[in-house]
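Fold and contact review
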Amino acid sequence: MSQQKNRVPAIAGWFVADGEQANLLGSQCKKCKSYFFPKETFFCRNPACRSTEFEEVGLSRRGKLWSFTDNRYPPPAPYVAPDPFVPYIVAAVELDKEKMVVLGQVVSGIGIGDLRAGMEMELVIGELFQDAENEYLIWKWRPVA
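Every chain is numbered independently, its residues counted from 1 as its sequence is written. With the structure being a predicted model, the display of local features is reserved for residues of pLDDT at least 70 and the display and counting of side-chain atom pairs for 80 or more, all residues being used for whole-chain, interface and lining totals. Excluded from the side-chain calculation are hydrogens and water; included are all heavy atoms of the structure.

Moving on: the nonpolar core. To define a nonpolar core, start from buried Ala, Val, Leu, Ile, Met, Phe, Trp, Tyr and Cys residues and group those joined through side-chain atoms within 4.5 Å. Only protein chains enter the area calculation, which uses a 1.4 Å probe; residues under 20% of their type maximum are buried, those over 50% are exposed, and those in between are partly exposed. One finds Leu24, Leu59, Met121, Trp139 and Trp141 to be the most contacted residues of the largest nonpolar core, which totals 23 residues. Looking at this core, the elements that each hand over two or more residues are strand E3 (21-29), strand E7 (88-95), strand E8 (101-106), strand E9 (120-130) and strand E10 (134-143). By residue number, the principal contributor to this core is E7, which donates 4 residues. Contacts: residue pairs with any heavy atoms within 4.5 Å of one another. Those residues in contact with Leu24 that sit more than four places away from it in its chain are Trp14, Phe15, Phe37, Val57, Gly58, Leu59, Val102, Leu123 and Trp139. Each helix is a run of H or I in the DSSP string that is no shorter than four residues. Each strand is a run of E no shorter than two, and both are numbered from the N terminus.

Among the 9 residues that make up E3, 7 are buried, leaving the element largely enclosed by the rest of the structure. Taken together, the 4 bridges between strand E2 (residues 15-18) and E3 define a ladder with antiparallel strand orientation. What sits directly across from Phe15, in E3, is Leu24. Strands qualify as paired when DSSP identifies two bridges or more between them. The sheet contact formed by E3 and strand E5 (residues 54-58) spans 5 bridges and is antiparallel.

Turning to the packing of aromatic side chains, a few remarks are in order. Between 30 and 60 degrees the pair is tilted, below 30 it is stacked and above 60 it is edge-to-face, where a pair is any two Phe, Tyr or Trp rings, Trp via its six-membered ring, whose centres lie within 6.5 Å. Scanning the entire structure with this criterion turns up 7 aromatic pairs. Centroid distance Trp14 to Phe37: 5.5 Å. Interplanar angle 70°. Geometry classified as edge-to-face. Placement of Trp14 in the loop between strand E1 (6-9) and E2 and of Phe37 in the loop between strand E4 (35-36) and E5 is noted, with a sequence separation of 23 residues between them. The class of Trp14 is partly exposed, set by a relative accessible area of 29%. Its relative accessible area of 15% is what places Phe37 among the buried residues. One aromatic cluster is present, formed by Trp14, Phe15, Phe37 and Trp139 through successive ring pairs.

In C-alpha cells, the structure reads:
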C-alpha cells in the first residue's frame, strides 16, 4: 500500500496551492499601490515612494506571454534537477491586473513551437521534486486553451 505524500510549496510563502490551481502571494504598497513579487516587507521599490507599509495580496492567475526560452542545462543548487536532466521552457508572463512580469516554468508537453508572444497563460501547480515524505510544488505556466 502506498502512502500519499504531503504536497508542500517548494518555497514557503511565495504561493498557495489549491488542488491543481496556484495563487502567487505578493504585496501591494499601501501608499502608491505598486505590486511586488516576491512579497516586499521592508521598503517600497518604487523610486517615487518612501512607504514601508504593505498588504499581502493574491496576484492574478492569468497574463500574457511576454517572452520565453528553453533551458537546456541544469540550473545550480538549490534547484533539484532530475538525473538525467530534462530540458524545460521558461516563460515570462505579464500579469493581467498588476502589469508586472513573473517568471516560471512552462508545463511539460508544451514545446517552443506551441508558444507565441502575447498568448494568454494561466498559473497551475507542478511538481519540482519528491522525497520520502513530501512532493515539493512550484507554480508553472500553461497556455489557456
